[in-house]
Amino acid sequence: MRTLSADVVVIGGGATGAGVVRDVAMRGYKAVLVDRVDLGQGTTGRYHGLLHSGGRYVVSDPHSASECAQENAILTRIQADAVEETGGYFVATEVDDPAWGDDFARGAAATKVPAEEISVSELLTLEPRLNRKISRAFRVLDGSVDGWQLVWGAANSAKHYGAQILTYHRVTKINRDGDRVAAVICRDDKTGEDVTINCNFVINCAAAWGGQIAAMAGCHDVQVVPGAGIMIAMNHRLTNSVINRLTYPADGDILVPVHTVCVIGTTDQKADDPDKLVISREEVQQMMDCGELLVPGFRDARAIHAWAGARPLVKDSRVGSEDTRHMSRGMSIIDHDSRDGLKGLLTIAGGKLTTYRLMAEHVVDQMCEQLGDVRPCTTANEAVPGSESGKTYQVTHRLHAREEDRLDDQILCECELMSRRQWVNASTPSHRPASTTCAANCDSAWALVRAVFARCGPPGSRWRRSTSTSSGRPA
Amino acid sequence: MTPHDSNNAHDNNNYAADQVARASLDHCVKCNICETHCPVSAVTPLFSGPKFVGPQAERYRHGESVDHSLDYCSSCGTCTLVCPQGVQIAELNSQARAVMKADHMPLRDQLISRTTLMGMAMTPMAPVANAALGFKPLRMVIEKVVGIHRDAPMPTARTQTLTGWLKKRKAPTKAPTRGSLVYFHGCAGGYFEVETSKRSIEVLEHLGYEVIVPKQSCCGLAQQSNGLFDQATAQILKLCDELRAGGKDLTIISASGSCTGMLKHEAHEIMGVDDSRLADVSTRIRDIMEFLLDLHDAGELPTNFKTIDITVPYHAPCQLKAQGMGQPAMEVLKLIPGVKAIESGVTCCGIAGTYGLKKEKYEIAQAVGQPLFDMVKATNPDLALCDTETCRWQIAKSSGVRTEHPIYLVHQAYGLS
């Protein structure tokens, strides 16, 4: 049994938790983050890769649209190495009503989401693989973002400010002292040891697993509904910008270029258990059809991975509990003092990856208020470690690096463009993998890379998202 | 893929190029067969190999090519030919090269791809031009200033062009018995390899065809292989108009193996030219040896050949192999009594059009071709056969063995020379 103490324990190492622990640490609190597995292994590593411009919500959810537009600019600045400024388009295909574009244009103006209509011929010159029956197109500032890089950037920044990041620490219990939170008890799954973290405050960032965590503190019936969405990665980029359908948000209407692949998604099905997400044949076929509508020939292209993630949607009395598509994408903060009479516990859920920093700011503001502290948020002002140069990621970076060192260093994996030096540096001496080249595009090599990092901690460079199928894992 | 209706030619070309090449990279199963057959990566580490540069690196490009070493690809097309999955590796590389060179095209690459201009300039002053190109100090200056290697093979200028010969020669006395053909001579066949064109025309006339030689210009192949797609596209469409003017639906014959490949498939597959005129010409054009073999297969080729007692090395050029028609020259040569043609078994002679002329690639091209030069010398020090012009110049220069088109022996066996 180990005992630690902290001002604040953050439960959940997804983007929200990493953002919260960074914010807390930057405001001068002693903070510990715990996650039952690795960072970003829940929903953050299983999402679409889209850094929203806000365009998607200009009609359906204007408030979220404005927040996305602001946070997009902030993240591009402070986490440049996780963001690719691909740009994006909203396009009306032959099954979409072109008149909806007028609503879109009005909504974009009202929400201050930058958008300009461009000619279809210009669009097709820039993205020649797109459906030639597209009738209208708007250019927006969508980007793509590497969820792993994002979450590790925030975590490394938090560490820089003194926070502790404890992965593979599964929460088993939350102790109360009367009407206050007193400690979080974890099991270190790598050593089997129990760890007690005495604290004044707990922020529950366990997202789709947040109800389970709240229940450990005796706060029952917190309804975070897992809204499961599937995504499919195709072998190469069919477009170099994000392509959205110019329509009210629906299934399968976004295609995102992420690193060397492009990702079509997504669906929205209420799930009972965020650890048991199903990728159904029907949904896969639905996504392939949606891809075909945007890029003719999509079905003939090579799909390499499918996965599902669970959105943490806070149950909204305005929509039926089965209709997760129309539950709010906005963030919800549950104050367990007013709800359950327990001081020192806040649960945050909902929201979007694009607004993760803002979610953290809001919840930490609320914590400060409850603690009676005046400590302003500074997370938007400072770049995370690795992003100081402000240079955003480009898909050509690694090819350029190999061009530079190709005569000095052997290239072991041509799919991921990994050199021997990268490989050796990534592995510890005791776990140095055998030198081997990959034979597929590229499950075997990818599995090895993942295995190396699972042993050695954070990836030093950019990797594709988790490609394992089916379920997410809770904090 | 759905048909498209845009009127923008450039846009259409991007689209078509994408359909044929980029989409094929999904089929790569990483078997590395292309890597084991690449003649360039076998002799130099400077080229990272066709799989790396093609289906792998392409996934890391988006409208810019940061891997400048891809220019070490010679565009021989061997990778595409050997790929069991149908990945258009060489085409992907050529497309990426065009993107890469778009904003800094070396003057040298623009000059050496103007093949017609070279012929027109050199013919009137052939003896002077030939002497000059054989003059070492001048070649050193050219290497320094322009970047063409001092020892690189150069065509020999002729005092008479094919057009000149056609005007001055006695018209065929025999009336045609088999109908008409259009003859496409290519730049080299018009200015430098005039003898090959003459012999081809005489063989076709001997067989009873009327041979129509319309005014014609360059196919743009050298520009294509140097990444000058816009110019090359304009060239080939002009050529298509000219060849079509020779006669509707007539079979077009050529002894220029590389130019024929450009018309048959490269312009479409590499540059994405998607034009009905090209589609018309590409389905009508035949390599002359392919045509003779087709006639033989149909029982229509006279085989009353004279015996020629000779053992001769034959090298099938990359761009001929890429046409997927086997090696018709080998089959036709077998019909001539006494001729023992030995197939080189070597992938590439190294020149790959203009690749081996460039000073930074000359040594690579020589290393690629060395096994062929050795084989040629050992087989017959006096004569070798090869279907394409620049390959013949490369073999002749580097092995010292006179190298001719296979039609040369057919012409002789029919008693025409």
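Residues numbered from 1 in each chain as written. Chains lettered and ligands numbered in written order. Predicted model: local features only at pLDDT ≥ 70, side-chain atom pairs only at ≥ 80, totals over all residues. Heavy atoms only, no water.

### Examining the nonpolar core
Soluble, globular proteins show a tendency: their nonpolar side chains are buried together. Residue and element names in this part refer to chain A. I11, V34 and I197 are the most contacted members of the largest nonpolar core, which has 59 residues in total. A per-element tally of this core places strand β13 (residues 224–234) first, with five residues. In this view, I11 contacts V34, V171, I174, V184, V202, I203, N204, C205, A206 and I213; residues no more than four positions away in its chain are not counted. Core analysis: the second largest hydrophobic core is formed by 44 residues, V8, I74, A82 and A380 among them. (Core = buried A, V, L, I, M, F, W, Y, C linked by side-chain atoms within 4.5 Å. Buried < 20%, exposed > 50% of the residue type's maximum accessible area, 1.4 Å probe, protein only. Helix = DSSP H or I, 4+ residues; strand = E, 2+ residues; numbered from the N terminus. Contact = heavy atoms within 4.5 Å.)

### As for the domain arrangement of chain B
Residues and elements named next belong to chain B. Split by domain assignment, chain B resolves into domain 1 (9–101) and domain 2 (301–413). Here the C-alpha centroids of domain 1 and domain 2 sit 27 Å apart. Between domain 1 and domain 2, the contact holds 14 residues from the first and 13 residues from the second. Across the domain 1/domain 2 interface, buried area totals approximately 1,100 Å², and carbon plus sulfur atoms make up 70% of it. (Domains from an automatic or database assignment. Buried area = accessible area lost by both parts, 1.4 Å probe.)

### Examining the interface of chain A and chain B
Many authors give the size of an interface as the accessible area that is lost as the parts come together. If you look at the interface, chain A gives 35 residues, while chain B gives 33 residues. Both sides of the chain A and chain B interface together cover about 3,200 Å² of buried area, and 52% of this is carbon and sulfur. On the chain A side of the contact with chain B, R132(A), L399(A) and E414(A) bury the most area, a combined 21% of that side's loss. Between chain A and chain B we count one salt bridge in total. (Salt bridge = Lys/Arg side-chain N within 4 Å of Asp/Glu carboxyl O.)

### Comments concerning helix α20 (residues 362–379) of chain B
All names here are of chain B. With 18 residues, α20 should reach 26 Å at 1.5 Å per residue; the first-to-last C-alpha distance of 25 Å fits that figure. At G369, α20 is deflected by roughly 50°, the largest bend along its length, and proline P371 occurs up to four residues later in sequence. All buried positions along α20 are accounted for by Y362, I364, A365, Q366, V368, G369, L372, F373, M375 and V376. The secondary structure elements touched by the buried residues of α20 are β5 (310–315), β6 (339–343), β7 (384–386) and α21 (389–399). (Expected span 1.5 Å × (residues − 1). Bend = angle between axes of the 7 residues up to and from the residue.)

### Thoughts on the sheet that holds strand β8 (residues 403–404) of chain B
Residue and element names in this part refer to chain B. Pairing in this open sheet of four strands is parallel, and the strands run β6-β5-β7-β8 from one edge to the other. Each end of this open sheet is capped by a strand with a single partner; those strands are β6 and β8. With two bridges joining them, β5 and β7 adopt parallel strand pairing. Its bridge partner being in β7, H315 is matched across the sheet by C386. Of the strands in this sheet, β5, β6 and β7 touch α20, which is tilted by about 170° from β5. (Pairing = 2+ DSSP bridges. Axes fitted to C-alpha atoms, helices over the stretch in contact; angles between N-to-C directions.)

### Re the packing of aromatic side chains
Within this structure, the stated rule accounts for six aromatic pairs over all chains. An aromatic cluster of three or more residues is present, and its members are F90(A), W100(A), F104(A) and F138(A). Stacked on the ring of Y168(A), the Lys or Arg K190(A) has its end atom at 4.5 Å from the ring centre. A cation over an aromatic ring shows up here: K361(B) above the ring of Y72(B), its NZ or CZ 5.7 Å from the ring centre. (Phe/Tyr/Trp six-rings, centres within 6.5 Å; stacked < 30°, edge-to-face > 60°. Lys NZ or Arg CZ within 6 Å of the ring centre and 35° of its normal.)

### As for a nonpolar patch on the surface
All names here are of chain B. A grouping of F135, L138, V141 and V145 is seen on the molecular surface, where their side chains present a nonpolar patch of about 380 Å² in accessible area. Mapped onto the elements of the fold, V141 is located in helix α9 (residues 136–145). In this structure V141 comes out as partly exposed when scored by relative accessible area, which is 47%. (Patch = residues over 30% accessible without salt bridge, like charges linked within 9 Å, V, L, I, M, F, W, Y side chains within 5 Å. Areas by Shrake-Rupley, 256 points an atom, 1.4 Å probe, with all protein chains shown as cover.)

### What to know about the sheet that holds strand β2 (residues 210–212) of chain B
Residue and element names in this part refer to chain B. Across the sheet, four strands lie side by side as β2-β1-β3-β4; this open sheet has parallel pairing. Looking at the sheet topology across the chains shown, the edges are occupied by β2 and β4 (285–287). Taking each pair of neighbouring strands and ignoring which way they run, the sheet shows an average axis angle of 35°. Bridge analysis of strand β1 (residues 180–184) against strand β3 (residues 252–254) gives three bridges, and the strand direction is parallel. For Y183, the partnering residue across the bridge sits in β3 and is I253. Helix α12 (residues 194–206) rests against β1, β2 and β3 of the sheet, and its axis sits at about 170° to β1. Against the sheet, helix α15 (residues 257–269) makes contact with β1, β3 and β4, and its axis sits at roughly 150° relative to β4, the strand it touches most.

### Digging into the confidence of the model for chain B
Averaged over every residue, the pLDDT of chain B is 91; the share at 70 or more is 95%. Low pLDDT (under 50) marks residues 1–10 of chain B, which in the prediction has 14 contacts with non-local residues, meaning those over four places away or in another chain. (pLDDT = per-residue confidence, 0-100.)

### Some details on α15(B)
All names here are of chain B. Taking 1.5 Å of rise per residue, the 13 residues of α15 would be expected to cover 18 Å, and the 17 Å separating its terminal C-alpha atoms lies within 8% of that figure. In α15, a bend of some 55° at L263 exceeds every other bend along the element. Here α15 lies mainly inside the structure; 11 of its 13 residues are buried. Along α15, the residues classified as buried are G257, S258, C259, T260, G261, M262, L263, K264, H265, E266 and A267.

### A few points about unusual backbone geometry
Of note, the bond from G265(A) into T266(A) is cis; its omega dihedral lies within 30 degrees of zero at -5°. Relative to the assigned elements, T266(A) resides in the loop between β16 (261–265) and β17 (269–270). Even without a glycine there, the phi angle at K112(A) is positive, about 60°. Along the chain, the position of K112(A) falls in the loop between α3 (100–111) and β6 (115–118). For K30(B), which is not glycine, the phi dihedral falls at a positive 65°. Looking at where K30(B) falls in the secondary structure, it is placed in the loop between α1 (9–20) and α2 (33–37). Given the relative accessible area of 6%, K30(B) is considered buried.

### Regarding the pairing of strand β12 (residues 193–204) of chain A
For a regular strand, side-chain orientation follows a simple rule: the groups alternate between the two sheet faces. Residues and elements named next belong to chain A. Two strands pair when backbone bridges link them, and strand β1 (residues 2–11) and β12 are joined in this way by nine bridges, in the parallel orientation. Opposite T3, over in β12, you have T196 as the bridge partner. Bridge count between strand β11 (residues 180–188) and β12: six bridges; the pairing is antiparallel. Note on β12: the bridge partner recorded for R187 is D194. The antiparallel pairing of β11 with β12 creates a hairpin that spans four residues between the two strands, and G192 there sits at a positive phi of about 80°. Bridging between β12 and strand β20 (residues 345–350) involves three bridges; their strand directions are parallel. Bridging across to β20, V202 finds its partner in L345.

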